[in-house]
Amino acid sequence: MQKNKKDEAYYLNILLHSNFYNVKQSAYLFTYYGRRLAKTKEQKKELESIISQLYIYKYQQKSLNIPEKLQKEIRKFLDELRDFYA
C-alpha cells in the first residue's frame, strides 16, 4: 500500500512538471501516467478527453504548441489530481 502511494506521488510529480513545449512527450506522458492516476469515473472521462486531443501530436515530426484551451483543460485536470492525492 505504501509503495503504491509513493508511485502515485511520483507519477503526479512527473505530470505536474511536464513541459508543455515538448508536445509529443507530453502526449505520451499523459497517456502513460495519467491512466495510472485517474481513479474516479470523472477523472477517467476527463483524462480520455485530454488524451484524444493530444493524440494528433504524438506522430508529428515538428513540435507544435498545445492550444491554450487544451492547456487550461490539462491544468484543471492536474489541479483536481493534486487535490485528490493530497
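Whatever comes next refers back to the structure up there.
Everything numeric here is computed off the predicted structure, so don't read it as measured data.

Participant: What exactly am I supposed to notice about the nonpolar core here?
Facilitator: If you look at soluble globular proteins, the nonpolar side chains tend to sit buried side by side. Counting 23 residues, the largest nonpolar core has L15, F30, I50, L54, I66 and I74 as its most contacted members. It is helix α2 (residues 23-37) that provides the largest number of residues to this core, a total of six residues. Once you skip the residues sitting within four places of it in the chain, F30 turns out to touch L15, S18, R35, L47, I50, I51, L54, I74, F77 and L78.

Participant: How do you make sense of the packing of aromatic side chains when you look at a structure like this?
Facilitator: Given two aromatic rings, their pairing is described by the distance between the two centres and the angle made by the two planes. Evaluation of the coordinates by the stated rule reveals five aromatic pairs. Judged by centre distance (5.5 Å) and plane angle (70°), the rings of Y55 and Y59 are edge-to-face. Accessibility expressed as a relative area gives 53% for Y59, which makes it exposed. An aromatic cluster is built from Y10, Y11, Y32 and Y33, whose rings are joined through pairwise contacts. The residue whose ring lies beneath R36 is Y32, and the NZ or CZ to ring-centre distance is 3.7 Å.

Participant: Help me understand a nonpolar patch on the surface in this model?
Facilitator: Taken together, the side chains of Y28, Y55, I56 and Y59 present a nonpolar region at the surface, about 470 Å² in accessible area. As for its placement among the helices and strands, Y59 is situated in the loop between α3 (41-58) and α4 (68-85).

Participant: Would you mind showing me how to read the pattern of salt bridges here?
Facilitator: Two side chains carrying opposite charge are able to pair once their charged atoms lie near each other. Overall, the coordinates contain five salt bridges when judged by the stated rule. Taking the shortest distance from any N to any O, the salt bridge between E80 and K76 comes out at 3.5 Å. Pair noted here: E80 and K76 are both in helix α4, with a separation of four residues, about one helical turn. A salt bridge links R82 to D79; its shortest N-O distance comes to 3.1 Å. Here R82 and its partner D79 are both found in helix α4, three residues apart, which amounts to about one turn of the helix. R82 gets classed as partly exposed once you look at its relative accessible area, which sits at 40%.

Each value, and the rule that gives it
Every chain is numbered on its own, with residues counted from 1 as its sequence reads. Per-residue local features of the predicted model are confined to residues with pLDDT of at least 70, and side-chain atom pairs are confined, for both listing and counting, to 80 or more; whole-chain, interface and lining totals are unaffected and use all residues. In computing side-chain values, all of the structure's heavy atoms are included and hydrogens and water are not. We define the nonpolar core as a collection of buried residues of types Ala, Val, Leu, Ile, Met, Phe, Trp, Tyr and Cys that are connected through side-chain atoms lying within 4.5 Å of one another. We call a residue buried when its accessible area falls under 20% of the maximum for its residue type, exposed when it is over 50%, and partly exposed in between, using a 1.4 Å probe and counting protein chains only. For helices the rule is a DSSP run of H or I covering at least 4 residues; for strands it is a run of E covering at least 2, with both sets numbered from the N terminus onward. By definition, residues are in contact when any of their heavy atoms lie within 4.5 Å. Between 30 and 60 degrees the pair is tilted, below 30 it is stacked and above 60 it is edge-to-face, where a pair is any two Phe, Tyr or Trp rings, Trp via its six-membered ring, whose centres lie within 6.5 Å. To sit over a ring, a charge needs its Lys NZ or Arg CZ within 6 Å of the ring centre and within 35 degrees of the ring normal. A patch consists of residues exposed above 30% relative accessible area that lack any salt bridge, with like charges linked at up to 9 Å and nonpolar side chains (Val, Leu, Ile, Met, Phe, Trp, Tyr) linked at up to 5 Å. Residue burial considers only the protein chains on display, and all accessible areas are found by Shrake-Rupley using a 1.4 Å probe. A side-chain nitrogen of Lys or Arg and a carboxyl oxygen of Asp or Glu constitute a salt bridge if their distance falls within 4 Å.

Geometry only, nothing functional implied.
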